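# Notes for the structure review
For reference, the chains in residue letters:
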Amino acid sequence: MVQINGESKDAANKNLYQYLVDEGFDISRVVVELNLEIIPAEDLKNITIKDNDSIEVLRFVGGG
Amino acid sequence: MEDKLVIGGKEFKSRFILGSGKYNMNLIKAAVEQGGAEIITLALRRANTQESESILDFIPKGVTLLPNTSGARNAEEAIRIARLSRAMGCGDFVKIEIMRDAKYLFPDNYETIKATETLAKEGFVVLPYMNPDLNVARDLQNAGAAAVMPLAAPIGSNKGLATKAMIQVLIDEIDLPIIVDAGIGKPSQACEAMEMGAAAIMANTAIATAGDVPSMAESFKLAIEAGRKAYLTGMGRVLARGASASDPLTGFLH
């Protein structure tokens, strides 16, 4: 299983970019961190999700 | 010569910074249009797949984004958030906000210095939120901070310049813009801080919870401008004792 924003997902062996698009994330408005490493937007398509990966998908919200 | 606020080499005409914690489109519109804000803070959070809108849609082009590191409990977490924020492609500015205290939301000065040092070396324009203390402010300056953001009172409290004396020391001794952040609840308090020589005011709750948001945004703008002008002008003197007639004595009645 893969951890995505703290939830277990069956996403191993999928293309990272395609998985996030299929899940409904607005790719133009997020930053993606894979196992604590920031993934530049242009590299998302080149990454295959592996079992036990930990992925954070983050966006800007209001905040002081 | 035009009076400008310069942070990290970037010039601003406005000395009002909007914190966007209690945000909606009206608040941002009012802060920019009536308040004249040129800097707006943001926070980074987990995305979900149900979102139809982004705060970025509401912020006009030309406004400088100031991502903060809220949620961070130590330097390491703040550095991680700052790097992720920069990867969003919205510039190099970052407000460091590190808290371990959930009741008063006071910043952790020690961890803030550590994060400032690392991020300034990485080319960030670092604006640390801090509990006003001269030694800490000096350490932040030496660590490469572009400005220092002392709190006036606890976040969201609208209690005004509770730390006034310490903020005055920072203004007098630190050769960086001193931006008063948190606790400013009324335009008069913003004006007072500007009269003292603060470089800018950051506010959110005072405007977001006002009866009329656009009108309060404009009130803050006017108060900040009045305080700045008074500071640049130089205050009238205060007598140690007694009175001094401001009218000519005519000699008419006595």
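Here, the structure is the one placed above.
The shown structure was predicted, so the numbers you read here are calculated from the model rather than taken from an experiment. (Residues numbered from 1 in each chain as written. Chains lettered and ligands numbered in written order. Predicted model: local features only at pLDDT ≥ 70, side-chain atom pairs only at ≥ 80, totals over all residues. Heavy atoms only, no water.)

Residue and element names in this part refer to chain B. With respect to the secondary-structure elements, Val126 resides in strand S7 (residues 125-130). Between the alpha carbons of Val126 and Lys164 there is a distance of 23 Å; along the sequence they are 38 residues apart. Other than its neighbours up to four places away in sequence, Val126 contacts Val94, Ile96, Thr116, Leu119, Ala120, Ala145, Ala146 and Ala147. (Helix = DSSP H or I, 4+ residues; strand = E, 2+ residues; numbered from the N terminus. Contact = heavy atoms within 4.5 Å.)

A word on the interface of chain B and chain A. Opposite the 31 residues of chain B that make contact, chain A presents 20 residues. Buried surface at the junction of chain B and chain A, both sides included, amounts to about 2,200 Å², of which 61% is carbon and sulfur. Our count for the chain B to chain A interface comes out at two salt bridges. Between B:Arg80 and A:Glu33 there is a salt bridge, and its shortest N-O distance comes to 2.5 Å. Where chain B touches chain A, the interface holds seven residue pairs in polar contact (both at pLDDT 80 or more). Among the elements of the structure, strand S4 (39-46) and helix H2 (75-87) of chain B are those that each provide at least two residues to the side of chain B that touches chain A. Among the elements that make up the side of chain B that touches chain A, the one with the highest residue count is S4(B) (six residues). (Buried area = accessible area lost by both parts, 1.4 Å probe. Salt bridge = Lys/Arg side-chain N within 4 Å of Asp/Glu carboxyl O. Polar contact = N/O pair within 3.5 Å; in protein donor to acceptor, adjacent residues only side chain to side chain.)

Our focus in this paragraph is the pattern of salt bridges. Residue and element names in this part refer to chain B. Applying the stated criterion across every chain, the model contains 18 salt bridges over all chains. Here Arg15 ties to Asp3 by a salt bridge, and the two come within 3.0 Å at their closest N and O atoms. Placement of Arg15 in the loop between strand S2 (10-12) and strand S3 (16-18) and of Asp3 in the segment before strand S1 (5-7) is noted, with a sequence separation of twelve residues between them. According to the relative accessible area criterion, Arg15 is buried, its value standing at 7%. Since its relative accessible area comes to 29%, Asp3 is described here as partly exposed. Linked by salt bridges that have partners in common, Glu2, Lys4 and Glu11 make up one network. (Buried < 20%, exposed > 50% of the residue type's maximum accessible area, 1.4 Å probe, protein only.)

The subject of this paragraph is the sheet that holds strand S8 (residues 149-150) of chain B. Residue and element names in this part refer to chain B. A sheet is described by the order of its strands in space; here three strands give the open sequence S6-S7-S8, paired in parallel fashion. Unpaired on one side and paired on the other, strand S6 (93-96) and S8 mark the two borders of the sheet. Where S7 lies against S8, two bridges are found, and the strand directions are parallel. The residue of S8 that forms the bridge with Met130 is Pro150. (Pairing = 2+ DSSP bridges.)

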